[in-house]
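A look at the structure
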Amino acid sequence: MSLSRINKRFCARVLPVVGHTARKYISPAVEEIQSSKVPEYPPILDVSYLAQKQRQREQAANEVKVIKTVEEKLFKLNIPRYYGWNTLNLEEGKICYNSLPFAQYITRTHVKSDSDLPSCYNDSIESDVLNVLVDGIKDKIKNAILFEYTERRRESELDKDVLLSPSKLDDVMADAVVRQINRLILGTLSTKYPHLLEVQVDYEPRIEAFWKVGGIVPTKGSRSAKINNEFLKEYADMPIDRWFQYNGNPLLQLRHEFPLKEIIPLSDSENTDLNVPEFRYDPRVLGYSNKLQHGTCIPGFWPGDPSEFGTLSYHKRGYMAERPATYDDKDDTLIAQSILASYGWLYPQACYQGFSTFQDVTYPLVTQTIISNGQWWTFCVYQLNTTLLYSEHIDINPRRNICWATKPMKLFEKVEEKQLHGFNEEVLKLLIKFYANVPIERAINMKPYLGETEKVIADIEDPERREWLEHNYKYLVSKRSRHRLMPEIYNWEWIYKINHKTRPLDRRDTKWELGKPIINRRLDDHTPQYIPKALRPEGPKSKNKWAKTYYP
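**Comments concerning the nonpolar core**
- Counting 79 residues, the largest nonpolar core has L90, F102, I106, W211, V213 and F244 as the members making the most contacts within it.
- With 13 residues, the top contributor of residues to this core is helix 9 (residues 330–352).
- Sequence-distant contacts of W211, that is, excluding residues within four places in its chain, are made with L90, I106, T107, R242, W243, F244, Y246, Y343, Y347, T357 and L389.
- V178, I185, L186 and L274 belong to the second largest nonpolar core, which has 50 residues in total.

See the structure below:
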């Protein structure tokens, strides 16, 4: 066969394909190219370690900010950790020695040094009216105290270990006296102050707060992890953020539909004279401990309750009865308890309004706190002005939270021969002033970071998404452990594989050996729930066998 005949056959087969391909990928002509006279360039990002970490924190804050509902915002804080955060656990009634500077620093609180309440309480009730109210109620309170201390047979009500423990017995007496006083004052003053008819009373509510604080010296573990990394060695001593979880157990609390009036304007909290001590050490040096848990924010009620602003709370002080006599920080300890109890209650209230540890409050919140064992009483007024305490804001945030606290005062001197001696009317006057403080509706947007129609999970129209979020949020805040415990590194592995490296031929099949830290597992990193064939919405032959998830 001649060469010319082969070329003709080749051209007849190949050229149509080439031509078709060329016609297929011809781009349409552009009528006019629009260009700007001034060139626009993308922003040049700082790729250093500190800048990347800062952008990550800003991204996390913005992701929380754009979420519409309260529960999803709180849910989002726990997404990065499947087994929970390594948090510093703060339990009410466990105040370590010399904890006042620490409590002030982690809450950014300034304590007024005059040991008195705000001046507005001096003129809140006229003296003549106050004396009439005291005369009308003091006899009832005296009789109630006498009944609790002399007539009630606690030997048959309480266990022997409670009767023999001074701290537990103090808490029992505080609970009994506080309930009686609260009942009598509400019943007497409600005719003159109608807002007392609208308050909700919670007995032994669940109070929890979860927030982040920056500027703390690194732990031994975080420091060694950076030292062993060639690129992060220079940042080994850099301050870090720590998560704090507060768990409170007040005797009772009162809350209303509207908040209490602010003591000072929000702008006055930026006064540089309001000093806050620095405590950048690891809090474990004081005696506190860490705990692996999910963060929860609960002010004693679930989101959606109409009475969402606290007005007054009572707290126990039984631990003071067994505090070592060598500790000379009695007054400071009570103030530290007041700060943690007040911030631990106001912060979750702010979270229910759409704020968080990443989004600062746009208006102040005020609460009144009382610490008592039945005989000794400490009064505190606290104003929350800021919640931004993590690394970017701990040193430059101009706002301070403010605490006014009195010294401990005796309601009565003693109970002897069924007689009450030395009844102090000044304590009763302060109690009446706290109850007479009227909540006021504010003409501002109280929930600026929540959705217009969806503020809580119950507002979601999609039933499947609403039920999923409700179930998983309640499971998260229940603090139940996972069905599979967190994998651990056994002692023999620490000895032979990590510390001394004497088993190089062993199979590497665990996550820590493969360079995947177990603690960094995300909450949404799991296999979805399996749907049996008979229950699949699209029929038994549907290949969609996994249930939907609605993580925020």
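The discussion continues.
**Topic: a nonpolar patch on the surface**
- Among the surface-exposed residues, Y490, W492, W494, I495 and Y496 lie close enough to one another that they form a single nonpolar patch of about 530 Å² accessible area.
- Within the secondary structure layout, Y496 lies in helix 12 (residues 491–499).

**Examining a negative patch on the surface**
- On the surface, a cluster of negative charge is contributed by E461, D462, E464 and E467.
- Within the secondary structure layout, E461 lies in the loop between helix 10 (425–436) and helix 11 (463–477).

**As for the sheet that holds strand 5 (residues 240–248)**
- The mixed open sheet is built from 5 strands, whose spatial order is 7-1-5-4-8. In this open sheet, the two edge strands, each paired with only one partner strand, are strand 7 (289–293) and strand 8 (298–299).
- Pairing of strand 4 (residues 207–216) with strand 5 involves 8 bridges; the strand directions are antiparallel. Opposite K212, over in strand 5, you have W243 as the bridge partner.
- In the packing of helix 9 onto the sheet, the strands contacted are strand 1 (85–91), strand 4, strand 5 and strand 8, and the crossing angle to strand 4 comes to about 100°.

**A few points about unusual backbone geometry**
- If you check the backbone angles, E417 has positive phi at about 55° while not being a glycine.
- With respect to the element layout, E417 can be found in the loop between strand 14 (414–416) and strand 15 (419–421).
- The backbone phi angle of K501 is positive, close to 55°, even though this residue is not glycine.
- Structurally, K501 can be placed in the segment after helix 12.

**Remarks on the environment of P303**
- Examined against the element boundaries, P303 turns out to sit in the loop between strand 8 and strand 9 (309–315).
- Considering only alpha carbons, one finds P303 and P552, 249 residues apart in sequence, at a separation of 17 Å.
- Ignoring anything within four residues of it in the chain, the contact list for P303 reads V70, E71, Y352 and V456.

**A few points about the packing of helix 5 (residues 127–151) against helix 10**
- It is at 10 Å that the axes of helix 5 and helix 10 come closest, and there the two elements cross at 110°. In terms of their interaxial angle, helix 5 and helix 10 are classed as roughly perpendicular. Across from L130, N131, L133, V134, I137, K138 and I141 in helix 5, the residues of helix 10 making contact are E425, L428, K429, I432 and K433.
- Within the contact of helix 5 with helix 10, the residues separate by chemical class into 7 nonpolar, 1 polar and 4 charged.

**Structural notes on the packing of helix 4 (residues 100–107) against helix 9**
- Interaxial distance between helix 4 and helix 9 falls to 8 Å at its minimum, and their mutual angle equals 20°. Classed by the angle they form, the pair helix 4 and helix 9 counts as roughly parallel. Every pair of crossing elements has a handedness; the one defined by helix 4 and helix 9 is left-handed. Across the interface between the two elements, L100, A103, Q104, I106 and T107 from helix 4 touch D332, I335, A336, I339, L340 and Y343 from helix 9.
- Looking at the contact of helix 4 with helix 9 residue by residue, the classes come out as 8 nonpolar, 2 polar and 1 charged.

**As for the confidence of the model for the protein chain**
- Of the residues in the protein chain, 94% have a pLDDT of 70 or more, and the chain-wide mean is 90.
- The model gives residues 17–26 a pLDDT under 50, and that stretch makes 0 contacts with residues more than four places away or in other chains.

Here is what the cut-offs are and how they apply
- Residues numbered from 1 in each chain as written.
- Predicted model: local features only at pLDDT ≥ 70, side-chain atom pairs only at ≥ 80, totals over all residues.
- Heavy atoms only, no water.
- Core = buried A, V, L, I, M, F, W, Y, C linked by side-chain atoms within 4.5 Å.
- Buried < 20%, exposed > 50% of the residue type's maximum accessible area, 1.4 Å probe, protein only.
- Helix = DSSP H or I, 4+ residues; strand = E, 2+ residues; numbered from the N terminus.
- Contact = heavy atoms within 4.5 Å.
- Patch = residues over 30% accessible without salt bridge, like charges linked within 9 Å, V, L, I, M, F, W, Y side chains within 5 Å.
- Areas by Shrake-Rupley, 256 points an atom, 1.4 Å probe, with all protein chains shown as cover.
- Salt bridge = Lys/Arg side-chain N within 4 Å of Asp/Glu carboxyl O.
- Lys, Arg positive; Asp, Glu negative; His and termini not counted.
- Charge placed at Lys NZ, Arg CZ, Asp CG, Glu CD.
- Pairing = 2+ DSSP bridges.
- Axes fitted to C-alpha atoms, helices over the stretch in contact; angles between N-to-C directions.
- Parallel < 35°, antiparallel > 145°, perpendicular 65-115°, else oblique.
- Nonpolar A, V, L, I, M, F, W, Y, C, P; charged D, E, K, R; others polar.
- Left-handed = near helix turned anticlockwise from the far one by under 90°.
- pLDDT = per-residue confidence, 0-100.

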